[in-house]
2 protein chains.
Amino acid sequence: MILASTIQYANNPWEVREASFDSRNLGKYETIFALGNGYMGSRAATEEHYVGEKRDTFINGTFDKFDADEVTELPNVPDVFQLRLRVHDQPLDLNTGCVTDYQRTLNLQTGELTRQFKWQFDDRQLNFHSSRFVSFHDRHVLGSQITITNDGSADLPLVFQSGIDGQQSNSGSQHFNDWEKRQYEGKVLQYVAKTNQSNILFVITAGQNVMVGKNSEIVKTRTLMPRRQLLQEFTIRLAPGESLVFEKNAAIFTSRDNDVLYPDKESLQQNGLQRVDQLMRDGYQNNLQASISAWQQKVWEKMPITIDSPDNMDQLSLNFARYHLHTMTPAHDERMNVGAKGLTGEGYKGHTFWDTEMFILPYFIFNFPDAARKLVKYRYLGLGGARRKAAANGFKGAQYPWESAWIDDGESTPVWGAADIITGKATKIWSGFIEQHITADVAYGMNEYMNATQDHQFAEHFGYEVILDTARFWTSRVEWHEDKQQYEICDVIGPDEYKEHADNNAFTNYMAHWNMQLALNLIDRLKQEEPLIYDRYDRKMDLVSLRQDLTDRLAKLYLPQPNTAGVIPEDDAYLSKQVLDLKPYLDGNDVGALFDHFNLDQVNDMQITKQADVILLLYLFEKQFPAQVKHANWDYYEPKTTHDSSLSMLTHTIFAADLGLKDQAEDFYERARLIDLGPNMKSSDEGIHAASIGGIWNMVIFGFGGVRYLAGQLRINPNLPEKWRSLDFRIWWHQQELHIHETQDQLIIKNLTGTAPVHFEHEGKEYSVDDTLTIGLKQTAPQ
Amino acid sequence: MILASTIQYANNPWEVREASFDSRNLGKYETIFALGNGYMGSRAATEEHYVGEKRDTFINGTFDKFDADEVTELPNVPDVFQLRLRVHDQPLDLNTGCVTDYQRTLNLQTGELTRQFKWQFDDRQLNFHSSRFVSFHDRHVLGSQITITNDGSADLPLVFQSGIDGQQSNSGSQHFNDWEKRQYEGKVLQYVAKTNQSNILFVITAGQNVMVGKNSEIVKTRTLMPRRQLLQEFTIRLAPGESLVFEKNAAIFTSRDNDVLYPDKESLQQNGLQRVDQLMRDGYQNNLQASISAWQQKVWEKMPITIDSPDNMDQLSLNFARYHLHTMTPAHDERMNVGAKGLTGEGYKGHTFWDTEMFILPYFIFNFPDAARKLVKYRYLGLGGARRKAAANGFKGAQYPWESAWIDDGESTPVWGAADIITGKATKIWSGFIEQHITADVAYGMNEYMNATQDHQFAEHFGYEVILDTARFWTSRVEWHEDKQQYEICDVIGPDEYKEHADNNAFTNYMAHWNMQLALNLIDRLKQEEPLIYDRYDRKMDLVSLRQDLTDRLAKLYLPQPNTAGVIPEDDAYLSKQVLDLKPYLDGNDVGALFDHFNLDQVNDMQITKQADVILLLYLFEKQFPAQVKHANWDYYEPKTTHDSSLSMLTHTIFAADLGLKDQAEDFYERARLIDLGPNMKSSDEGIHAASIGGIWNMVIFGFGGVRYLAGQLRINPNLPEKWRSLDFRIWWHQQELHIHETQDQLIIKNLTGTAPVHFEHEGKEYSVDDTLTIGLKQTAPQ
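None of the values given here were measured: they were computed from a predicted structure. (Residues numbered from 1 in each chain as written. Chains lettered and ligands numbered in written order. Predicted model: local features only at pLDDT ≥ 70, side-chain atom pairs only at ≥ 80, totals over all residues.)

## Details of the overall build of chain A
- Helices and strands together make up the secondary structure of chain A, namely 21 helices and 31 strands.
- Relative to its length of 783 residues, chain A is compact, with a C-alpha radius of gyration of 27 Å against a globular reference of 28 Å.
- Buried residues in chain A amount to 52% of all 783 residues.
- In chain A, of all internal contacts separated by at least 6 residues, the share reaching a separation of at least 24 is 67%. (Helix = DSSP H or I, 4+ residues; strand = E, 2+ residues; numbered from the N terminus. Rg over C-alpha atoms; globule rule 2.2 N^0.38 Å. Buried ≥ 20, exposed ≤ 12 C-beta atoms within 10 Å, placed from the backbone. Contact = placed C-beta atoms within 7 Å.)

Have a look at this one:
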């Protein structure tokens, strides 16, 4: 079903709008207008209810298993944004009556979501305006303010119920008990619930307040406690021309929070009551203002990025990405990470994938290294689970889970997926068993963090251990083939998940090799330069035998080489499979449309690639491959790629930009940035595509800005689209803040910190900057 | 909120209609149009979804606890009646577009629910017709058939999803895991789920089939397995004037069923597949016909009841009641009973109250004694739980739970209820602790069953034990008051639940006395007439000491006597409390409206009675009280009764009829029978009022038919409303089937069985009938 788009982009770069209401588009806006602060995320469900709504609010890290056979997931928290309004006994429902002047707007700069419309039903007329936010100033806080004006000429009788609604679930799975509900003095509601398996306490407190004009009347207020609900019902007579203003100020605390001193029930309840008491005294507008200021100070003014382009969408899509990166990323707590759908939907259950290391971490490394540190520290804290997984599979070292949740949950990939159209049974999800490149990806992200930040303290205490133990995993994972006298890695899934049980997936083998080489270099460097640290790790991890294993494996690990045409085989079997013309299946932008015609076994037997695989390899290790090989592989794999993963087009953008394929780079960029933000009204139903959101920044700064960290070295080869007049941004590198200004003919770099010179590479040459450096640019020829 | 009524009664006595669609009335029709067969019940949720729908299906007896702190409840089973239809991409939603010729009809005789309407949206026009049933022939079976006709002049593109939807819950509490989903050959879907705490396996199997006209086309069929859902999606092009017919034949089996040989997963799955295979071969119409025949043979032809009245509602409301009595009553299994909301809603969680003994059992005793036997056997099987409850409270014998669920669940009353408007806290529900008359009520029902049926085998093995051990409970429950030299029963709740912690509630004291007297008489009779049985029980239960305790308690138990005005005090404190004029609070038929103004403590301190209390006592023990006392109490309590319980007005009807207060009897009768069937669109949202449904039969046969069993004796004093020409019915008494025909001036009784004479009382005189007896009636003067 392709629905008519109702999305509208403001002329300024900060606002995205829903221009008219269509209940078929609920999922789209619930996701892209979601509010959050890294601690919590809340889908932008409308105040009134509609069939098909997903009224999700999640608190990061509060994982729970519904039952022993399911994997852990973020539970859907009781809702505070719901409002059930009857206007003269008629439920407010925008599918009925006459709706005019509809507009819902997310302001990316302020984090405020506003909604307004006029509604007429029979002779009732009202003007509705709502505002809501999740505080970026105080992560426990959320609030809303609703103003309803009687536009008619007679009194308007209104009844509405609002409060805390615990009937929410994760698509029918309920994680919470219905512990305690309490109302205080007709103003404050408090709902206490506990997750069933993980025993995490949630205390949700909401203060509600109604004000009406002087000729109007609050006829009745009463408290209702239906099952799992705690509501107040307000009966109001609204005089013509007058308004009611309904304010709700709420706070959520859990026993998993790292900023509460006593995580017991009574203390959390006290926290909630005190916080809400303060919020009520400050009032909605002041609470919102505090959040706006926090966004301004912590994000927008601190690390501004400006694209001077005639196309407002360039700046807008970047702002959109940055807004969502901050709403989804737990910069406050290293015991959790970024979910593949952020905190905006039930898809992927809040689990963390390689998406973090490959596509999200770079933004934080370069812009907010403190947050990046938390994201990589999470992997260090997950070493226990990774070691358990390795041991359970008969391997050494640390094998990272394909999907991870709470730090000690270990492998969290579900085992069963969608229906197989041929057999009628649910399909087995193999990723948790054999999508093993994740272990090298984790080491990759860890290493990039350490390279960029030079955070030696982190490296010494946490980073080295991850690099050594992931490498050790690979030494045990590779299989010796006596006939070929080489090590191979068989039966894996590479980034191209349409090829299950692949042998020698090129990406996996190269990443494993890189990971082992990194560890070997580290061991040698430590022994030479930091003998005390070497000794410590040697005692703990036996570096001598590890070094021996690494040397042996590295020498004999099979790395697939380009064939005579320059094409690197994605895996041993790929190039001999049947080729399918994908065009008929890729029209209509319907992700996964292929599977209406073929099952996974059939797709497995054709040269069809779900997402950048060999291309990703060539992008990550650009120095290892000559331009001719890159072009040959681009020409070969690009037409065979369905981009059914949202992680794909961004890589194609950057790679095409690197190759000087400007038109293709810009074409992929235009498409990739619209995965969530674009006119497809169904693509985001399950939540935002976190990696793709990270990818927008990657495309701008890595792809067009030409910034890259390669083997520990900063490289800047600007490659702006022709219509861009300039790209202006800052990055952190080796604890120096650089201000970089790129135009079509100049690259200006200022070292704002200036306490040490920063070395970087530009077009194959070495530069150093300790104050300001201006480099003239010539038009780049295709490689 | 008082909504405009959309209910319509056909000119025949078998059909109730929803005359036009209003989504605010969903709950009303979901309940009163619910389908069932005693094994399962299914609310009549519409095919398409609406906000606020309650899509409940329950299998009787399959109780589960959501968590350890909650009481057990009937879990809401995955739904098979749902259909998500998009017409040219527009979701079918009767709040939108133009709806004409709408009609939904429940046929009480056939148990078929049909729905039809025309819907126009933009240029799309269709005619929708659906039929569904829950089989009365094969209790595991349910089915539906939907016909959609393209009324427009162009092809109509339709997409619909239907299957098995396990995202249902009990208002957010999920009882099932999501075990296994499987599709077979594109036609049959099977969903396996297990309750979380009670480990009951459910296997739901549905066969689906679509047929289209010859110029139309089934474009695509695919299977979808979203979380907790198993759906098929059909994409259809419907030519102008042509129809699609969508048939669904389904079967539900559980591991708790008493008619499955092997309750393991594989066997239940095989059962489901075989049953659905047969259903698909027979086809929807044949399956429906088998159910219609079963209703005809097992109910309507077997025990016809005919009211000859100019008001069609008299017969229609009786048929409505009988239809629901059979859909809610587990005539197939004695390990479960009738829920206070039948199987039609989540209210009262499927639990059984005294409603069964007082208001539902009589219908079955007189009409279907085999089913009645199962209902009383349930109480025998509950003796273990009743003894545990007594012991836990420091009492002897058997103390029956106020609410009971599965036979060995014991007390199942929840502890916390709605909000107290003054304190803001949830109110404690005291019924489970101190509403103790239930124990005598159980003995009362048991005794009536034994009296009416003369089922000696039952009495000897089950009934006597219940009567003895309930009486023993009372011997330990009564408290000796040394000062007054009498036994009292303090701190109870009587039928009037607005008086918590009452001392010497008249109803409770009289019932306890009756229960003990019954046991004493039984002991003496057994000793004299059936010494072998006496010996058996004496060895088991020490009848000598029980007899001594009974004699002592009976002699000294305080029984509240009429005061000088003839009024029996409801309890010790009642008559000295403040009197409130109830009129302002009883307008608008809003049950519980009082509690918007007062909390329970305040109501407790006033002479306000929730439901017949002293009146019920006088009705049950009519021979113990003179007419003057009855009138005095009627005059006193009637104006103080809010009838906030649906168990109240029916008692007032019968009692007024007994007193010859014809106008008042008919007025209460008219109101009582409309509690569910009437124009109040909100009263039935939580489910049907099972006791009130039983009460309709009670009012007709007991109230106007003048039939009563009193102290084991049948009495027939016809008291027909003046407009009734005749009342014609059958009853079973002492294993003889009587055909009774009452007119305004004659009572004709035929003994259809004729193997023994039946004795009965009429207007104070004894009669006996072994063939046919005609008695002339004179106009009854008021007592």
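## Section: the relation of the copies chain B and chain A
- Least-squares fitting of chain B to chain A yields an RMSD of 0.0 Å, with the superposition described by an axial translation of 0.1 Å and a rotation of 180°. What the rotation and shift describe, once combined, is the action of a two-fold rotation axis.
- Most of the interface of chain B is mirrored in chain A, where 100% of its interface residues are also at the interface. (Least-squares fit on C-alpha atoms with pLDDT ≥ 70 in both.)

## Remarks on the packing of helix H19 (residues 662-672) of chain B against helix H21 (residues 690-704) of chain B
All names here are of chain B.
- Where H19 meets H21, the axes come as close as 10 Å, and the angle between the chain directions of the two elements is 150°. Taken together, the axes of H19 and H21 lie roughly antiparallel to each other. Here H19 and H21 pass one another in a crossing that is left-handed. Contacts between H19 and H21 involve Ala665, Tyr669 and Ala672 on the former and, on the latter, Ser692, Gly695, Met699 and Gly703.
- Each residue belonging to the contact of H19 with H21 can be placed in one class, and the counts come to four nonpolar, three polar and no charged. (Axes fitted to C-alpha atoms, helices over the stretch in contact; angles between N-to-C directions. Parallel < 35°, antiparallel > 145°, perpendicular 65-115°, else oblique. Left-handed = near helix turned anticlockwise from the far one by under 90°. Nonpolar A, V, L, I, M, F, W, Y, C, P; charged D, E, K, R; others polar.)

## Describing helix H18 (residues 649-658) of chain B
Residues and elements named next belong to chain B.
- Among the ten residues of H18, ten are classified as buried, and the element is accordingly described as predominantly covered.
- What H18 keeps buried is the set Met649, Leu650, Thr651, His652, Thr653, Ile654, Phe655, Ala656, Ala657 and Asp658.
- Looking at the buried side of H18, the elements it contacts are helix H5 (355-367), helix H16 (614-620), helix H17 (627-637), H19 and H21.
- Following H18 by one or two positions, Gly660 adopts a phi angle in the positive range, close to 80°.

## Overview of the sheet that holds strand S19 (residues 306-308) of chain B
All names here are of chain B.
- Strand order in the open sheet made by the five strands is S19-S26-S27-S28-S31, with antiparallel pairing throughout. The outermost strands of the open sheet, each flanked by one partner alone, are S19 and strand S31 (772-776). Here the average twist between neighbouring strands, direction ignored, is 15°. (Pairing = 2+ DSSP bridges.)

## Some points on the UniProt feature "active site" (unreviewed entry) in chain A
All names here are of chain A.
- Per the UniProt record, the feature "active site" (unreviewed entry) sits at Glu497.
- On the secondary structure map, Glu497 appears in the loop between strand S23 (486-488) and helix H11 (506-529).
- Apart from residues lying up to four places away in sequence, Glu497 is in contact with Ser431 and Lys610. (UniProt positions renumbered as here; feature names shortened; annotations may be inferred.)

## Some details on the pairing of strand S6 (residues 83-87) of chain B
Residues and elements named next belong to chain B.
- Alternating positions in S6 separate cleanly, Leu83, Leu85 and Val87 being buried on one face and Arg84 and Arg86 remaining unburied on the opposite face.
- Relative to strand S7 (residues 90-91), S6 runs antiparallel, the two being bridged by two bridges. Paired with Arg86 across the bridge in S7 is Pro91.
- With antiparallel pairing between neighbouring strands as the criterion, S6 and S7 make up a hairpin whose turn holds two residues, including His88 at a positive phi of roughly 50°.

## Some points on the packing of helix H10 (residues 456-477) of chain B against helix H11 (residues 506-529) of chain B
All names here are of chain B.
- At a minimum axis distance of 8 Å, the contact between H10 and H11 shows a crossing angle of 130°. Classified by the angle between their axes, H10 and H11 sit oblique to one another. Two packed elements cross with a definite hand, and for H10 against H11 that hand is left-handed. Across the interface between the two elements, Tyr464, Ile467, Leu468, Thr470, Ala471, Trp474 and Thr475 from H10 touch Ala512, Asn515, Met516, Leu518, Ala519 and Leu522 from H11.

## Here's the deal with the UniProt feature "binding site: substrate" (unreviewed entry) in chain A
All names here are of chain A.
- The UniProt feature table records "binding site: substrate" (unreviewed entry) at Trp354, Asp355, Lys610 and Gln611.
- Tracing the sequence through the fold places Asp355 in helix H5 (residues 355-367).
- Take Asp355: there are 27 C-beta atoms within 10 Å of it, and that puts it in the buried class.
- Setting aside residues no more than four positions away along its own chain, Asp355 makes contact with Ala340, Ile360, Leu647, Ala690 and Ala691.
- Its location among the elements puts Lys610 in the loop between helix H15 (600-604) and helix H16 (614-620).
- Excluding residues that lie within four positions of it along the chain, Lys610 makes contacts with Asp496, Glu497, Tyr498, Thr642, Asp644 and Ser645.

## Brief notes about the environment of Tyr537 of chain A
Residue and element names in this part refer to chain A.
- Considering the arrangement of structural elements, one finds Tyr537 in helix H12 (residues 531-541).
- When the C-alpha atoms of Tyr537 and Glu460 are compared, they prove to be 9.7 Å apart, with 77 residues separating the residues in sequence.
- Aside from chain neighbours lying at most four places away, what touches Tyr537 is Tyr464, Leu468 and Leu543.

## Quick look at the interface of chain B and chain A
- In this complex, chain B contributes 39 residues to the contact, which on the side of chain A involves 41 residues.
- Contributions of two or more residues to the side of chain B that touches chain A are made by strand S13 (180-184), strand S16 (217-224) and strand S20 (416-419) of chain B.
- Looking at the side of chain B that touches chain A, the element that brings in the most residues is S13 of chain B, giving four residues.

## Thoughts on the sheet that holds strand S4 (residues 40-42) of chain A
Residues and elements named next belong to chain A.
- Taken together, the three strands give an open sheet; going across it, the order is S3-S4-S5, and neighbouring strands pair in antiparallel fashion. The open sheet has two edge strands with one neighbour each: strand S3 (35-36) and strand S5 (57-59).
- As judged from the two bridges shared by S3 and S4, these two strands associate in the antiparallel manner. Bridge pairing in S4 links Leu35 to Ser42.

## Things to note about helix H9 (residues 438-453) of chain A
- In this model, H9 of chain A (16 residues) spans 22 Å end to end at C-alpha, consistent with the 22 Å of a helix rising 1.5 Å per residue.
- In terms of residue burial, H9 of chain A counts as a mostly covered element, since 15 of its 16 residues are buried. (Expected span 1.5 Å × (residues − 1).)

## Quick look at the confidence of the model for chain A
- Residue-level pLDDT values for chain A average 95, and 98% of them are 70 or greater.
- Reported for the predicted complex are a pTM of 0.95 and an ipTM of 0.93. (pLDDT = per-residue confidence, 0-100.)

## With respect to unusual backbone geometry
- Although it is not a glycine, Lys349 of chain A sits at a positive phi angle of roughly 60°.
- Note that Lys349 of chain A resides in the loop between helix H4 (312-328) and H5.
- Notably, Gln485 of chain B is not glycine yet its phi reads approximately 50°, a positive angle.
- Checked against the element boundaries, Gln485 of chain B lands in the loop between strand S22 (479-481) and strand S23 (486-488).

## Brief notes about the pairing of strand S17 (residues 229-238) of chain A
All names here are of chain A.
- With seven of ten residues buried, S17 is to be regarded as a mostly interior element.
- Inspection of the sheet shows strand S12 (residues 156-165) paired to S17 by ten bridges, in the antiparallel sense. When the sheet's bridge partners are listed, Ile164 is paired in S17 with Leu230.
- Of the strand pairs in this sheet, strand S16 (residues 217-224) and S17 are connected by seven bridges, and their pairing is antiparallel. Along S17, the bridge assignment pairs Leu224 with Leu231.

## A short note on the environment of Trp480 of chain A
- As for its position among the elements, Trp480 of chain A is in strand S22 (residues 479-481).
- Each C-alpha atom, one on Trp480 of chain A and one on Arg553 of chain A, is 9.1 Å from the other, the two residues being 73 residues apart in sequence.

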